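One-letter residues, chain by chain:
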Amino acid sequence: MPRPERKLITFSIDGREVEAPANMMLVDAAKFGDVEIPVFCYEPKLGAPVGACRMCLVDIEGIPKLQTGCSTPVKDGMVVHTQTRRVKDAQQSVVEFLLINHPLDCPVCDKGGECPLQDVSFGWGGGMTRFVEPKRHFKKPLELSPLIAIDRERCILCYRCVRFSQELSEDYQLVLHERSAATFVGTFDGHPYVAPFSGNILELCPVGALTSMPYRFRARPWDIENAGSVCTLCPAQCNVAFTVRDDRVLRVLARENEEVDDGWLCDKGRFAYQSIHAEERVVAPMVREDGVLREVTWERALEAAKAALGGAQGRIAGLAGGETTNEEGFLLQRLVRDVHGSPHVDSGAGLDRSGLLALGDPGLQATVADLEFAHTVLVLGTEPVDDAPILDLRLRKGVRRNRVKLAVATSRPSSLDPNATLAVRYAPGAEAAFVTALSAAFYGGAVDEPAQAAGADAGAVHELATLLRTSGGDQPGDVVVLYGQRVLAEGEAVTAPLLKLAGALGLSGRPGAGLLGVPTATNGRGLREAGVLPDAGPGLTAVPSAGHGATGIAEATAAGELSVLYLLHTDPLRDEPQRAVWERALEAATHVIAHAGFLTETIREHATVVFPAESYAEKEGTLVHPDGRLQRLRPAIGRPAGVRAAWQVLDELARSAGAEHGVHTVHSATQQLFAAVAFYAGLSVDAIGAKGVRWWEDDARAAAWPQESGLRAAISDLVAKTPLSRTPDYEEAPTPSGLGAADGATNGALRLGTYQSIWAAAEVEASPALKFLHPHQRVELSPADAARLGIEHGEHVTVGSAGATVEAVAHLRNESPAGSAFLQSGIPEDAANVLQGPLVEIRKATPK
Amino acid sequence: MSSAILFKDIDEPGLGTLAVYQRRGGYGDVLRKGLSMPREALVNELVESGLRGRGGAGFSMGKKASFMPKGGMDKYLVCNADESEPGTFKDRELMTKSPHMLIEGMILAAYAAGATKSFIYIRGEYAQQADILDAAVAEAYADGLLGENILGFDFSLELVVHRGAGAYICGEETGLLDSLEGKRGNPRLKPPFPANQGLYQGPTLINNVETLMTIPHILGMGAAKYAEIGVENSTGTKLISVSGHVKRPGNYEIELGMSAREIIYGLCGGIEGDHEVKLWFPGGSSSPVLTSDDLDLGYDFDSLAKAGSMLGSGAIIVVDDQTSVVEVCLKLAKFYRHESCGKCTPCREGTQWTVKMLERMKSGTATPMDLDIMASVQEQITGHCLCVLGDAMAMPVGSMIAKFRPEFEEYIEAARERAERELVASLDAGLVGSAT
């Protein structure tokens, strides 16, 4: 779907000739002539205008009746009046009508001071009312959900919240009940409005009808300041504005960036700010003495860390978690690699350097906005609403408004299935076989065999290939493949067929098409590019000898080969896929130095030195969005007294070991990083600014992406040739030996798939308002398997493999494929990473 | 009556069955003739007949059909059988007695519009008529008159009878379409008009029952001949539903242009109790009222428009001089307040404000200033709404205030005095202020 082109036209508004883009709605076009037309229901983000509030009536010459400016596209030569008596009377009428039932309780209304109804009444209203009857009454305020309060008396029925629920997030919960003046907003079934994006209606509401439960009565607009930054709670990296009062974050608002978030936020991003000021937060350094963590002075903590690192003789490893900034990651890899001479540093990229170079090729990159305008989007092995929530809204928008064809290929049923033209399932862990089958369908290779190994229907694989191939009609279509990092677990067995697929679809160098990978960690892409990798340094340069990746680090530590673990914003027992080996590693390590905000299990039980971490509202630095956009984190509030910036600590530790790098501010770290990464050349925080910069959009920087011979060269050659159907001159990757879906069912075991809920985060657990959403383990399985195992929906079960078990509640889903079971990872107890897989057995729990 | 077209055989026993309808010439030569004509010729025939929509807006039926785009997309025909304008009951009789005539009209209209799927959206209260239509549609399908290749022609049509749930607003064409799609029945913003983006975003021709039923007759007698009936710009016959204080209320088929006096005093036998006409609604409760001074107007689209009202759905409601205009006004306003969908501000708030003011007039707590406010509120509604429902209250209410202002003032004064008297009496009786 090509993006619409805009042509300029000239029209007249209030006697002035003004240029504006053709077909822009009059209310927007008027702004080109510095004319404001008041609106309530109009919100272009919600799609086509509805013309409900009638606030924007204007006079257009040649049309007898007044027209709504929100729904009238501007045409060349149009003559518009907004200041005539007739228009003013009409607008004043609408204000009068809106206010007759609106309680004039502005002094005690949370919206007061930032209320569009106040502004419009002041600007366009008559200043008095002739209405002397009793106003409409409702019970109020009510909890629309634990996060949102609704005051129906204040509601002006502009439809915005209902449209959001029906047409944007498509949770279909909010509706208008009754009709005429008795109309009111509520959920269809009367249950609380709980949905991943529900908080957006707070910002959409133009009056004080919907207010935030956690923010209610906390501040007035003149008490607060808003500070722009980026949310680091997931890879979507939405742009936010923190509402700050007296150095406390009291609210998070969307800071619209069309290229990143379209002005929306998920509820985690909107409400998890409460964790910043949670009591559980670590705000002083700690050292373990006699098995107990105790608060100590910074000097003591730093001494302890220095002693541990100094005494390790290079037998140390560093691991960075998702919320680590580029600068922190850069300094960590320098500390471990250059200062202490250990090659063992990782950020859980899960792929080797050549794979990262191939998939990260600038010519193959798609952007978030491409999801909305492509002919076809293939969602491969990711659940956007959990993995990068805001992309879920973008995909729905593309399908709904631009008729993007959506294909979903996942092992777990996706919430996007109902929107998809085609949904294909494969067995958990069989990504390599599935992608091999799909790629073979393009090149005339064997499809049946890998499809069977993937537990996928070969016919569906062919159908998917046809959809991708024919989406553009006669021309090759723009295809975006949105894939989850977990898809790449089998390395080259997946990347090779995936790149062949990219070649077959002609994605290389094609604007509007490409690959978009969703990392598991917020700043996964930035950390890779900063060199937090076992086999590559900053800028993905080759290193003399490769170190261990995350799991290798755990194994080596458990085996006594490494003695000090440096954990930067990560809790391996929770974040890493294999818990057992990490338990052994943490037991075996002589020192575990951790930067942490909360005493989660690893920190609580195993850390020997704890440095309190900055919250994301306090942090300064840069991140890289999954589509390559460098974004800037700017501090909104000061740090608690006991907290120091991680870059300072890392530099202090390097200096104490004799390495003077001249990192005096975080910006000097940024400059050093940009100097070290060839494809960041010439960038600065000023250039990144408030909205970020995609580095690969600059040709010189794109050309600086490291080139490599061998496999990658062969693949890029293939990708560049863009054949639409031909036999590859590249040898077929061997079909991965996987278990077919059927294998599980015969011996009574099920194949284990995992997923991480949007709510599985320490920040959610620490935010009082969100606590009720924090997930408990449940195992999803098909009704057929459940019947065979004699398990009913809602029953307590144990899921086990190789001696390890977790407790869960059985959750039967009709869409769930037979032979598979899905467990959540990333939760504090009974997480999926306790189990090894690939097969698990489910039994009824024995009552305690 | 000699001019009867739609009502010609209406009381024929068993006309609702396929056998009798066919014996009377239904589904015969006329249908064959229509289906063998090129589409454009059929549309042209409708344009030349001068047939104007019988549902209320009075737009040229042929022109509306000509707006349907060419092309291979899915197109729809929708019959608006949500007859809910107060005072209107003509479609009910037509559907009860001659359902096949509607089906035949729809086949022809669908053919002209290039639609292959059609719906009859019938108001929920017309359960009996919906059952009759269901049976007739089943008969038509069984006889090959609906479905694939009708009468062997290269034209196929599906027809579904859909029952509404009784909302007045679902008679507004875009509200009807939303309701038919399974949504809350709210009017849509226009443009786009249904001919471009209607049902399921596809081009849609939407017409009233009577309009569609007239088509076979136009084709039967020829457009030119049909156009000779009636007066200029108002051709043909029209079914009118007369109700109120007349001696013989009911449905009548008249040639357009007949005078109102002839209708009320001739056809309907004059006013009950031989009182005088105080006011009459010429085209349903949404039309601005006319008075006894207007009885010599020709009953046609242009004459009524010139007099500041409209022909609307052809429902004449006659109110005699024994009835209070304020009571009529309140009853009317209450109806529109109840039926407003609540989507747009002026209608939602304006209708309920008007009712509240009228209720105060009745209870004796209003002043003549309220009359000014009420008149101004009607002006604030008119022309400012998303659909015509707001205007449908504001125009008749506005016209009543304009034409009967002294009566309103007297009523307000009398009600105030009555209320005061009652208050004093209750004080005397010790009913107020006693702590019970």
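These numbers come from a predicted model, not from an experiment. (Residues numbered from 1 in each chain as written. Chains lettered and ligands numbered in written order. Predicted model: local features only at pLDDT ≥ 70, side-chain atom pairs only at ≥ 80, totals over all residues. Heavy atoms only, no water.)

(A) Looking closely at the interface of chain B and chain A. With 31 residues of chain B at the contact, the number on the chain A side is 35 residues. Where chain B abuts chain A, roughly 2800 Å² becomes buried across the two surfaces, and 52% of that area is made up of carbon and sulfur atoms. For the pair chain B and chain A, the number of links is 3 salt bridges. With a shortest N-O distance of 2.7 Å, A:Glu133 and B:Arg360 are connected by a salt bridge. Looking at the side of chain B that touches chain A, the elements that each hand over two or more residues are helix H13 (325-339), helix H14 (345-363) and helix H15 (368-381) of chain B. With 10 residues, the single largest contributor to the side of chain B that touches chain A is H14(B). Taken together, the residues of the side of chain B that touches chain A break down into 12 nonpolar, 11 polar and 8 charged. (Contact = heavy atoms within 4.5 Å. Buried area = accessible area lost by both parts, 1.4 Å probe. Salt bridge = Lys/Arg side-chain N within 4 Å of Asp/Glu carboxyl O. Helix = DSSP H or I, 4+ residues; strand = E, 2+ residues; numbered from the N terminus. Nonpolar A, V, L, I, M, F, W, Y, C, P; charged D, E, K, R; others polar.)

(B) The arrangement of the state of the cysteines in detail. Across all of its chains, the model carries 0 disulfides over all chains by this definition. Its sulfur unpaired, A:Cys115 is 6.2 Å from the next cysteine sulfur, which belongs to A:Cys109. Overall, the relative accessible area of 7% leaves A:Cys115 in the buried class. Looking at B:Cys385, it has no disulfide partner, and the nearest cysteine sulfur is the one in B:Cys344, 4.2 Å off. (Disulfide = S-S within 2.5 Å. Buried < 20%, exposed > 50% of the residue type's maximum accessible area, 1.4 Å probe, protein only.)

(C) Structural context of the environment of A:Gly355. Residues and elements named next belong to chain A. Structurally, Gly 355 is set in helix H9 (residues 353-359). Looking at Gly 355, the relative accessible area reads 5%, which means it is buried. Residues Gly 355 and Glu 492, spaced 137 residues apart in sequence, show a C-alpha to C-alpha distance of 6.8 Å.

(D) Main features of empty space enclosed by the protein. All names here are of chain A. Tallied over the full model, the rule gives 9 cavities of 30 Å³ or more. The calculated volume of the largest cavity comes to roughly 270 Å³. Contributing to the lining of the largest cavity are 19 residues, with Leu 356, Gly 360, Tyr 483, Arg 525 and Arg 528 lying nearest its centre. Taken together, the elements giving at least two residues each to the lining of the largest cavity come down to H9, strand S22 (514-518) and helix H17 (524-529). A class-by-class count of the residues in the lining of the largest cavity yields 12 nonpolar, 4 polar and 3 charged. Two domains each provide a minimum of three residues to the lining of the largest cavity, namely domain 3 (286-349 + 523-689) and domain 4 (355-518 + 707-725). Contributing to the lining of the second largest cavity are 16 residues, with Cys 155, Cys 158, Cys 161, Cys 205 and Leu 210 lying nearest its centre. Sort the elements by how many residues they give to the lining of the second largest cavity and helix H4 (residues 160-168) lands first, with 3 residues. For the lining of the second largest cavity, a count of residues per class yields 15 nonpolar, no polar and 1 charged. (1 Å grid on protein atoms, 1.4 Å probe; cavity = no way out; pocket = protein on both sides within 12 Å on 5 of 7 lines; lining within 4 Å. Points joined across faces, edges and corners; volume = space filled by probe spheres on them. Domains from an automatic or database assignment.)

(E) Local environment of the packing of aromatic side chains. Residue and element names in this part refer to chain A. The final tally for this structure, using the stated rule, is 21 aromatic pairs over all chains. Ring geometry for Trp 298 versus Phe 611: centroids 5.5 Å apart, planes at 5 degrees, classification stacked. Of this pair, Trp 298 sits in helix H7 (residues 298-311) while Phe 611 sits in strand S25 (residues 609-612), placing them 313 residues apart in sequence. Note on Trp 298: relative accessible area 8%, which makes it buried. (Phe/Tyr/Trp six-rings, centres within 6.5 Å; stacked < 30°, edge-to-face > 60°.)

Take it as geometry only, folks, not as evidence of what the structure does.
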